[in-house]
Amino acid sequence: MHIFDELKERGLVNQTTDEEALRKALEEEQVSYYTGYDPTADSLHLGHLVAILTSRRLQLAGHKPYALVGGATGLIGDPSFKDAERSLQTKETVDGWVDKIQGQLSRFLDFDKGENKAEMVNNYDWFGSISFIDFLRDVGKYFTVNYMMSKDSVKSRIETGISYTEFAYQIMQGYDFYTLNQERNVTLQIGGSDQWGNMTAGTELLRRKGNTTGHVLTVPLITDATGKKFGKSEGNAIWLDASKTSPYEMYQFWLNVLDDDAIRFLKIFTFLSLEEIADIEKEFLAAPHQRLAQKTLAKEVVTLVHGQEAYEQALKITESLFSGGNIQDLSVSELLQGLSDVPNYQVTNEDSLNLVDILVTAGVSPSKRQAREDVTNGAIYINGERIQDLDYQLDSKDRLEDKITVIRRGKKKYSILTY
């Protein structure tokens, strides 16, 4: 299957400037292309992964990727579909974020070998030395205010107000495309659908200043079946940095996607062939309760982002906590990954360590009467072991690595005591 047809089949083509011309270029030559990532945080997230993996698919098909991390545009801030202006960061902060994001991108693209090996670029390299006067004369004159005002990303901010700084962002992104075209023969830009206005500013500059044609391909912004978007501004970011979102948390995210989304996400976020995904879909539809699609999705993406060992650890934590495994097989660090969002009570010297008392103090049971019923009925587990003794006293043997005690009430309600 032609790479462009595969991208469409996977649901990765949202808009193009000229579909037939782009298809022809991808068929007849090695296309150099770029995707830009502004350092607005110290990590990329799953929303970025769509463009990253699309870039990787094109590289596997023989085309040459450039990964642009915007050390200059990151100092300005993209206004696209934001309700308010971004907070400006210091250059030192942005430089630090650039380094971290470049490190993340290096895991997904092949920078080491082949005539189409990936290359990393930073737009501060060309913006840092250009003067304001030169930029206005050599670039700004090719853009009319009417053209810039017509962009949806600008229109949405006119009523609430947009600074000249953010208003000029689209020209900066356009100049990125122009510079890469002139210096590296880049003819295609890939980005999220919210970037269409900024990206076509680049094709406009290529046409007017460079007297040449460039292509734009946008990938869709990914939402689930309820319309919820992946992204840090939505408050539900799944970060690619393991210190911000653990492999276990990422595994759980994919394991819990809706049935209506699972097959679609397999096409977008994995390198399984379309034939393999079709086979998974048949089995999944025949027995959706077994969640084959979600389990496969979780395995493939966690392995892709964090590696096989991290996937196996996430699976081990999941099985130990929720599938009848023994939590004593887990280290404290693994337990804290798996139970990062459960209630955590810091035990003090004044606390009674009688089981009934600590259940109430830590908020595991709402009252002493309920706590006694929970213990008597066998609903309380200490580090995975059922305790039905009302006079039970917690002591050092109940502290895992002398740091925590894990309490379970019922089948899945966990709490942690910290010492």
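Please read all numbers here as calculations on a predicted model, not as lab measurements.

Asks: Explain the packing of aromatic side chains residue by residue, including any values.
Replies: The tally for this structure, following the rule as stated, stands at twelve aromatic pairs. Seen in terms of ring centroids, phenylalanine 143 and tyrosine 147 are 6.0 Å apart; in terms of plane orientation they differ by 45°. Their pairing is tilted. With 5.9 Å between their ring centres and 80° between their planes, tryptophan 254 and phenylalanine 265 make a pair best called edge-to-face. Of this pair, tryptophan 254 sits in helix 12 (residues 247-255) while phenylalanine 265 is found in helix 13 (residues 259-269), placing the two residues eleven residues apart along the sequence. Overall, the relative accessible area of 1% leaves phenylalanine 265 in the buried class.

Asks: An account of helix 15 (residues 292-306) is requested, with residue identities and associated values reported.
Replies: Between its first and last C-alpha atoms helix 15 spans 21 Å; for 15 residues at 1.5 Å apiece the expected length is 21 Å, and the two agree. Within helix 15 the residues assigned to the buried category are Ala293, Gln294, Thr296, Leu297, Ala298, Val301, Val302 and Val305. Packing partners of the buried residues in helix 15 comprise helix 3 (46-60), helix 12, helix 13, helix 14 (274-286) and helix 16 (308-322).

Asks: How would you explain the environment of histidine 2 if you had to name every residue and give the values?
Replies: Looking at where histidine 2 falls in the secondary structure, it is placed in the segment before helix 1 (3-9). Once residues within four sequence positions are removed from consideration, histidine 2 is found in contact with Arg23, Leu26 and Glu27. Of the polar contacts made by the side chain of histidine 2, one reaches the backbone nitrogen of phenylalanine 4; its length is 3.0 Å.

Asks: I'd like a rundown of the sheet that holds strand 8 (residues 380-382), residues and numbers included.
Replies: A sheet is described by the order of its strands in space; here five strands give the open sequence 7-11-10-8-9, paired in mixed fashion. Across the chains shown, the open sheet's two edge strands, defined by having one partner strand only, are strand 7 (344-346) and strand 9 (385-386).

Asks: Hey, could you go over the nonpolar core for me, with residue numbers and the actual values?
Replies: The nonpolar side chains of a soluble globular protein tend to be buried, and buried together. One finds Leu49, Leu240, Met250, Trp254, Phe269, Leu321 and Leu335 to be the most contacted residues of the largest nonpolar core, which totals 72 residues. Looking at which element gives the most residues to this core, the answer is helix 3, with seven residues. Apart from the residues within four sequence positions on either side, leucine 321 is in contact with Tyr248, Ile327, Leu330, Leu335, Gly338, Leu339 and Tyr414.

Asks: Hey, could you go over a nonpolar patch on the surface for me, with residue numbers and the actual values?
Replies: Where nonpolar side chains cluster on the molecular surface, the patch consists of Phe132, Leu136 and Tyr164 and spans about 340 Å² of accessible area. Along the chain, leucine 136 falls in helix 6 (residues 132-138).

Asks: Which residues make up the packing of helix 15 against helix 16, and what are the values?
Replies: Relative orientation of the contacting elements helix 15 and helix 16 amounts to 135°, with a least axis distance of 7 Å. Considering the angle they form, helix 15 stands oblique to helix 16. The two elements helix 15 and helix 16 meet at a crossing, and its hand is right-handed. Seen from helix 15, the contacting residues are Lys299, Val302, Thr303 and His306; seen from helix 16, they are Gln308, Ala310 and Tyr311. Here the contact of helix 15 with helix 16 is composed, by residue class, of three nonpolar, three polar and one charged.

Asks: Any chance you could break down helix 16 for me, citing the residues and the numbers?
Replies: The first and last C-alpha atoms of helix 16 sit 21 Å apart over 15 residues, in line with the 21 Å expected at 1.5 Å per residue. Looking at the packing, one finds that the buried side of helix 16 touches helix 12, helix 15, helix 17 (332-338) and strand 11 (413-418).

Asks: A description of the sheet that holds strand 4 (residues 119-122) should follow, citing residues and the corresponding values.
Replies: The strand order 1-6-5-2-3-4 describes an open sheet built from six strands, whose pairing is mixed. In this open sheet, the two edge strands, each paired with only one partner strand, are strand 1 (15-16) and strand 4. Sheet topology note: the strand 2 (residues 32-37)/strand 3 (residues 64-69) ladder contains six bridges and is parallel. Directly across from tyrosine 34, in strand 3, lies its bridge partner tyrosine 66. Across the sheet, helix 2 (residues 19-28) lies against strand 1, strand 5 (186-192) and strand 6 (215-219), angled at about 100° from strand 6, the strand it touches most.

Asks: Outline the pattern of salt bridges, listing residues and values.
Replies: Tallied over the full model, the rule gives 21 salt bridges. In this structure, the salt-bridge partner of arginine 23 is aspartate 5, at a minimum N-O distance of 2.6 Å. One end of the pair, arginine 23, is in helix 2; the other, aspartate 5, is in helix 1, with 18 residues separating them in the sequence. The closest approach of N and O atoms between glutamate 119 and arginine 184, which form a salt bridge, is 3.1 Å. Linking glutamate 119 in strand 4 with arginine 184 in helix 10 (residues 169-184), this pair joins segments that are 65 residues apart in sequence.

Asks: Break down the pairing of strand 2 for me, citing the residues and quoting the values.
Replies: Every regular strand shows the same layout, with side chains that alternate between the two sheet faces. Burial runs high along strand 2: five of the six residues are buried. One ladder, built from four bridges, connects strand 2 with strand 5; its direction is parallel. Its bridge partner being in strand 5, tyrosine 34 is matched across the sheet by glutamine 189.

Asks: Please give an account of the side chain of glutamate 334 that cites residues and values.
Replies: Assignment of secondary structure puts glutamate 334 in helix 17. Aside from chain neighbours lying at most four places away, what touches glutamate 334 is Gln313, Lys316, Ile317 and Asp329.

Asks: Tell me what's going on with the environment of tryptophan 254, and back it up with residues and numbers.
Replies: For tryptophan 254, a relative accessible area of 0% puts it in the buried group. Sequence separation between tryptophan 254 and glutamate 300 is 46 residues, and the spatial gap between their C-alpha atoms is 9.8 Å.

Asks: Break down the environment of leucine 274 for me, with residues and values.
Replies: Following the sequence through the fold, leucine 274 ends up in helix 14. Residue leucine 274 is classed as buried on the basis of its relative accessible area, which comes to 17%. Once the C-alpha coordinates of leucine 274 and leucine 240 are considered, the two residues, 34 residues apart in sequence, prove to be 25 Å apart. Contacts of leucine 274, omitting those with residues within four sequence positions, involve Met1, Glu6, Glu9, Arg10 and Lys267.

About the thresholds
- Residues numbered from 1 in each chain as written.
- Predicted model: local features only at pLDDT ≥ 70, side-chain atom pairs only at ≥ 80, totals over all residues.
- Heavy atoms only, no water.
- Phe/Tyr/Trp six-rings, centres within 6.5 Å; stacked < 30°, edge-to-face > 60°.
- Helix = DSSP H or I, 4+ residues; strand = E, 2+ residues; numbered from the N terminus.
- Buried < 20%, exposed > 50% of the residue type's maximum accessible area, 1.4 Å probe, protein only.
- Expected span 1.5 Å × (residues − 1).
- Contact = heavy atoms within 4.5 Å.
- Polar contact = N/O pair within 3.5 Å; in protein donor to acceptor, adjacent residues only side chain to side chain.
- Pairing = 2+ DSSP bridges.
- Core = buried A, V, L, I, M, F, W, Y, C linked by side-chain atoms within 4.5 Å.
- Patch = residues over 30% accessible without salt bridge, like charges linked within 9 Å, V, L, I, M, F, W, Y side chains within 5 Å.
- Areas by Shrake-Rupley, 256 points an atom, 1.4 Å probe, with all protein chains shown as cover.
- Salt bridge = Lys/Arg side-chain N within 4 Å of Asp/Glu carboxyl O.
- Axes fitted to C-alpha atoms, helices over the stretch in contact; angles between N-to-C directions.
- Parallel < 35°, antiparallel > 145°, perpendicular 65-115°, else oblique.
- Left-handed = near helix turned anticlockwise from the far one by under 90°.
- Nonpolar A, V, L, I, M, F, W, Y, C, P; charged D, E, K, R; others polar.

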